[in-house]
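# Chains, contacts and geometry: an overview
Residue-level listing of the chains:
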Amino acid sequence: MEYKEYKPHPVLSAYIECYWSALADRPPFRDQESLIPDGTIELMFNFGDNYAQIKDGQSLTVKGSHVIGIRKHSLLISQTRKQHIFSIRFKPGGSYPFFRIPVHLFSNAFFQVEDLLGKEYRVLEEQMAEAGNMERVVLADSFLLQKINNTQDVYSFVARCSRALLQCPSTPVNTLAAQFNTNYKTLERRFKTVMGLTPAELLKIKRFNDAVLAMYSCRHTSLTGIAYECGYYDQSHFIREFKQLTNFTPRDFLKEQFTIVQVIQPALADRMSRLYNL
């Protein structure tokens, strides 16, 4: 499998984590893989075979190009045939200035590009279909630079609040709201609109991502050490939240050794380490 990442235009880097491509005639994946929650949204242009979401024991085909909505828990997929993907990975909250759709309205699922975003994104897909990856980067940059809406005051507000929250995660949400001259309900509503997550959910997913990075980098000899480093109260808290997000305990998750994580592990480690630098 050939996996590569590309940097967006500097103006777009505040909103977009990266562009990435994946190419494989026979992807080295197991029959079922897990897409873990990481706060991101993917706009995925699929020029290869369809794959499937496994939900409640049923296989649901994910056809063509699509958006992978914000994930509050892991999504199970099966992708075992030809892979040819070019994708735009948005930072937490980064899709809102482009899509202008409250993010909580498209979560935990896959959505067809034209159904969610309209025909202009389908036109972009058609332009990309015959292009090489570097030309696709140029096309994506040009398209998104025209789409960006810098007048979204709610995005700027949530970005400032998020930075403050992530710098001091122990701050009560009521206190954070007061710091930004608002109230708890308004703050939570704006977070859900821009990020698809409440402040508490954002912190939960951030802790989880820190833990996954620590687990795969082998910096600790015990899961207890990881739990304390990543901000969990204790190991019980770590196990409970991890299972809520993945349906696995941390130890069982490591045993699974999901291929999709292993294939992109070097890029994944780098991405997770800087993902929440909003």
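Attention here is on the structure that accompanies the text. Per chain, residue numbering runs from 1 following the sequence as it is written. Where local features are concerned, this predicted model is filtered to residues with pLDDT of at least 70; where side-chain atom pairs are given and counted, the filter is 80 or more; whole-chain, interface and lining totals use all residues. Hydrogens and water are ignored here; the side-chain numbers use all heavy atoms of the structure.

Glancing now at the overall build of the protein chain. Secondary structure follows DSSP: runs of H or I at least 4 residues long count as helices, runs of E at least 2 residues long count as strands, and numbering of each begins at the N terminus. Broken down by element type, the protein chain carries 13 helices and ten strands. Computed over C-alpha atoms, the radius of gyration of the protein chain comes to 19 Å, within 12% of the 19 Å expected from 2.2 N^0.38 for 278 residues, which places it in the range of a compact globule. Within the protein chain, the proportion of its 278 residues that are buried is 52%. Accessible surface area values rest on a Shrake-Rupley calculation with a 1.4 Å probe, where residue burial reflects the displayed protein chains alone. Carbon and sulfur atoms make up 48% of the accessible area of the protein chain, which totals about 12,900 Å². The atom set for the radius of gyration is the C-alpha atoms, and the globule formula is 2.2 Å times the number of residues raised to the power 0.38. The cut-offs for exposure are 20% and 50% of the maximum accessible area for each residue type, with area from a 1.4 Å probe on protein chains only; residues under the lower value are buried, those over the upper are exposed, and the others partly exposed.

Here Thr171 is to be found in the loop between helix 5 (153–167) and helix 6 (173–179). Between N or O atoms, a polar contact is any pair within 3.5 Å; within protein, one atom must be a potential hydrogen donor and the other a potential acceptor, and residues adjacent in sequence are included only when both atoms are from side chains. A distance of 2.9 Å separates a polar atom in the side chain of Thr171 from the backbone oxygen of Cys168. Should any heavy atoms of two residues lie within 4.5 Å, those residues are counted as being in contact. Beyond its immediate sequence surroundings of up to four residues, Thr171 is in contact with Leu165, Leu176 and Gln179.

Of all the nine residues making up strand 2 (residues 16–24), eight are buried; the element is thus mostly covered by neighbouring parts of the structure. For two strands to pair, DSSP has to find at least two bridges joining them. Judged from the five bridges that link them, strand 1 (residues 2–6) and strand 2 form a sheet pairing that is antiparallel. Bridge pairing links Tyr6 to Tyr19 in strand 2.

Once that is clear, we can look at the packing of aromatic side chains. The description of an aromatic ring pair rests on the distance of the ring centres and on the angle between the ring planes. Any pair of Phe, Tyr and Trp rings, taking the six-membered ring for Trp, is counted once the centres come within 6.5 Å. Such a pair is stacked with planes under 30 degrees apart, edge-to-face with planes over 60 apart, and tilted for the rest. In this structure the tally under the stated criterion is 17 aromatic pairs. Measuring from centroid to centroid gives 5.6 Å for Tyr3 and Trp20, while their planes differ by 40°, and the two rings are tilted. Of the two residues, Tyr3 is situated in strand 1 and Trp20 in strand 2; the sequence distance between them amounts to 17 residues. Grouping residues by exposure puts Tyr3 and Trp20 together as buried. With centroids separated by 5.7 Å and ring planes inclined at 90°, the aromatic side chains of Phe238 and Phe242 adopt a geometry described as edge-to-face.

Here we take up the pattern of salt bridges. Here, a salt bridge means any side-chain nitrogen of Lys or Arg that lies within 4 Å of a carboxyl oxygen of Asp or Glu. Applying the stated criterion across every chain, the model contains ten salt bridges. A salt bridge links Arg89 to Glu42; its shortest N-O distance comes to 2.8 Å. Of this pair, Arg89 sits in strand 9 (residues 83–90) while Glu42 is found in strand 4 (residues 41–46), placing the two residues 47 residues apart along the sequence. As far as burial versus exposure is concerned, Arg89 and Glu42 are alike and both buried. In this structure, Glu241 and Arg207 form a salt bridge, with 2.9 Å as the shortest nitrogen-oxygen distance. Separated by 34 residues along the polypeptide, Glu241 in helix 10 (residues 235–246) and Arg207 in helix 8 (residues 199–217) bring together distant segments of the chain. One network of salt bridges, in which partners are shared, links Glu5, Glu42 and Arg89.

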